[in-house]
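So the chains spell out like this:
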Amino acid sequence: MQKRIFMHRFSLRNIIIVLLPLLWWTISSCKKEKVTADTVPDFYALPQGNQPYDDSIVAFHKKYGSYILYKYTQQDLRYDYTSIIRIIAPPGNPAYIANTLQFFKSQCLDFYPESFLQKTMPVRIMLAASLDTFTRLLPDTARSYGGFAATSRMLCIGWTDSTLMHLSPARFKETRGFAHRAYAWQAAQAGSLKIPADFIKYIPDSYLSVPWDVRTVGLVEQINQIDDGSRNVAWDFAAFVGMITRHSKTELDATFLKPSYDTRGLILAKYNAVIRYYKEQGIDLQAIGNLP
């Protein structure tokens, strides 16, 4: 019995003696190997086509690490880590991709300094022909939320069809505002946009139980327009961004910011917090809303 135990220990010792140098060599080799950008795999293959706009999409990815996709699966669109968003958004019409990209650049991204874009650019930007999240913010339209949706990893633009080219001036301004709202909502969910403390101190105790008259708790969008899982401070902050970029200051003073409407002064306090935050980033948010 003792002999067998001795032989067993002897065998284990021999194995360890043989393996230790090999293990040490492997670890040393790993330490010496340099990890370069070329060794990081791409999540999606770009370009997705061979049109002139595909070159700009590839250049955009190299600059920001963000994927602009007009060919995508429902899993790419709807899954966000552990949740599934309720959305219908068929891939965009290739004939209108250049137009949609130009709109997003000129009416949203161009208003932000490069430092802000580098911090907040979404991982995925999905170009959809249309978009429906089963809820409405604008009447008489199939494009809910103004034609945009956002999660912590995705921004979906549901205007990659002929409709965008024929919007009335009023609808064009609304759509521009919803683009800024969606960009802020995505970045706030991702944590790349840090919601300021002087906004958070005015939020409701709970977003899951608020009065029907939401202005009394400082909200500017109806809570029943939003899924339970999205009722949070990121949505609240983005709603203010959308409100500001869709309305001139004169319009806001006569509506949302009017003392007889904002009876507790909460909307004005949160408005000022959002304006200050964006000015600290080098962005005059109200100037966007003042545009025609």
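Residues numbered from 1 in each chain as written. Predicted model: local features only at pLDDT ≥ 70, side-chain atom pairs only at ≥ 80, totals over all residues. Heavy atoms only, no water.

Where do I start with the overall build of the protein chain in this structure?
Across its full length, the protein chain carries 11 helices and 6 strands. Relative to its full complement of 292 residues, the protein chain shows a buried share of 45%. Once local pairs closer than 6 in sequence are excluded, the contacts in the protein chain between residues at least 24 apart make up 70%. A total accessible area of about 15,700 Å² is found for the protein chain, and carbon and sulfur atoms account for 59% of it. (Helix = DSSP H or I, 4+ residues; strand = E, 2+ residues; numbered from the N terminus. Buried < 20%, exposed > 50% of the residue type's maximum accessible area, 1.4 Å probe, protein only. Contact = heavy atoms within 4.5 Å. Areas by Shrake-Rupley, 256 points an atom, 1.4 Å probe, with all protein chains shown as cover.)

So what exactly am I meant to see when it comes to helix α6 (residues 169-190) here?
Each full turn of the α-helix corresponds to 3.6 residues, which orients residues three or four apart in the same direction. The end-to-end C-alpha distance of α6 is 32 Å, a good match for the 32 Å that 22 residues give at a rise of 1.5 Å each. Positive phi shows up at G191, right after α6, with a value of about 90°. (Expected span 1.5 Å × (residues − 1).)

What is the right way to read the packing of α6 against helix α8 (residues 233-246) from this model?
Relative orientation and spacing of two packed helices are given, respectively, by the angle between their axes and the distance between those axes. Two elements in contact, α6 and α8, have axes separated by 8 Å at closest approach and are oriented at 155°. Taken together, α6 and α8 sit at an angle that is classed as roughly antiparallel. Crossing of α6 over α8 shows right-handed handedness. Across from K173, E174, G177, F178, H180, R181, A184, W185, A188 and Q189 in α6, the residues of α8 making contact are A234, W235, A238, A239, V241, G242, T245 and R246. Counted by class, the contact of α6 with α8 contains 9 nonpolar, 5 polar and 4 charged residues. (Axes fitted to C-alpha atoms, helices over the stretch in contact; angles between N-to-C directions. Parallel < 35°, antiparallel > 145°, perpendicular 65-115°, else oblique. Left-handed = near helix turned anticlockwise from the far one by under 90°. Nonpolar A, V, L, I, M, F, W, Y, C, P; charged D, E, K, R; others polar.)

Sorry if this is basic, but what is going on with the confidence of the model for the protein chain here?
A low pLDDT means the predicted coordinates there should not be read in detail. Chain-level pLDDT for the protein chain is 85 on average; 80% of the residues reach the 70-or-more range. Segment residues 1-41: pLDDT under 50, and 0 contacts once partners within four positions in sequence are set aside and those in other chains are kept. (pLDDT = per-residue confidence, 0-100.)

Got a minute to help me understand the packing of aromatic side chains in this structure?
How two aromatic rings sit relative to each other is given by the distance of their centres and the angle of their planes. The tally for this structure, following the rule as stated, stands at 15 aromatic pairs. A ring pair is formed by F103 and F172, whose centres lie 5.5 Å apart and whose planes are at 90°; its orientation type is edge-to-face. Here the residue F103 occupies a position in helix α4 (residues 97-107), and F172 occupies one in helix α6, the gap between them amounting to 69 residues. By relative accessible area, F103 is classed as buried at 7%. Aromatic rings pair up to connect Y112, F116, Y183, F199, F237, F240, Y277 and Y278 into one cluster. The ring of Y261 carries the charged tip of R215 above its face, separated from the ring centre by 4.9 Å. (Phe/Tyr/Trp six-rings, centres within 6.5 Å; stacked < 30°, edge-to-face > 60°. Lys NZ or Arg CZ within 6 Å of the ring centre and 35° of its normal.)

So what exactly am I meant to see when it comes to the layout of surface pockets here?
Using a probe with the size of a water molecule, rolled over the atoms, empty space left in the structure can be pinpointed. Estimates place the volume of the second largest pocket at around 330 Å³. Taken together, 18 residues line the second largest pocket, and the ones lying closest to its centre are F60, Y64, L101, K105 and L109. At the level of elements, α2 (52-64), α4 and α5 (114-120) are the ones that each hand at least two residues to the lining of the second largest pocket. In terms of residue class, the lining of the second largest pocket is made up of 13 nonpolar, 1 polar and 4 charged. (1 Å grid on protein atoms, 1.4 Å probe; cavity = no way out; pocket = protein on both sides within 12 Å on 5 of 7 lines; lining within 4 Å. Points joined across faces, edges and corners; volume = space filled by probe spheres on them.)

Just checking my understanding: could you explain the nonpolar core for this structure?
Proteins that are soluble and globular tend to have nonpolar side chains buried together. Core analysis: the largest hydrophobic core is formed by 66 residues, its most contacted members being Y183, L193, F237, V274, Y278 and L285. Here this core takes 9 residues from α8, the largest share from any one element. Setting aside its immediate chain neighbours within four residues, Y278 contacts Y112, F116, A184, L193, F237, V241, I283 and L285. Ranked by size, the runner-up nonpolar core spans 13 residues in total, among them A89, A128, A149 and M154. (Core = buried A, V, L, I, M, F, W, Y, C linked by side-chain atoms within 4.5 Å.)

Looking at this structure, how should I read the pattern of salt bridges?
Pairing between side chains of opposite charge can happen when the charged atoms of each approach one another. Evaluation of the coordinates by the stated rule reveals 9 salt bridges. Between D198 and R276 there is a salt bridge; the shortest N-O distance is 2.7 Å. You can see D198 sitting in helix α7 (residues 197-200) and its partner R276 sitting in helix α10 (residues 266-280), a full 78 residues away along the chain. By relative accessible area, which is 22% here, D198 ends up partly exposed. (Salt bridge = Lys/Arg side-chain N within 4 Å of Asp/Glu carboxyl O.)

How should I be thinking about unusual backbone geometry in this particular structure?
The phi angle of most residues is negative, glycine excepted, and most peptide bonds adopt the trans form. With an omega of 0°, the peptide bond between L46 and P47 qualifies as cis. Mapped onto the fold, P47 is located in the loop between α1 (2-32) and α2.

Please explain the side chain of T160 as it appears in this structure.
Here T160 lies in the loop between β6 (154-157) and α6. Once you skip the residues sitting within four places of it in the chain, T160 turns out to touch G92, N93, Y96, I97, T100, L127, A128 and A129.

Help me understand the pairing of strand β4 (residues 124-127) in this model?
Regular strands have side chains that alternate between both faces of the sheet. Every second residue of β4 is oriented toward a common face, with R124 and M126 on one face and I125 and L127 on the other, all of them buried. Pairing between strand β1 (residues 67-69) and β4: 3 bridges, direction parallel. Pairing of L69 across the sheet is with M126, part of β4. Direction of pairing for β4 relative to β6: parallel, over a ladder of 4 bridges. In the sheet register, L127 faces β6, and the bridge partner there is I157. (Pairing = 2+ DSSP bridges.)

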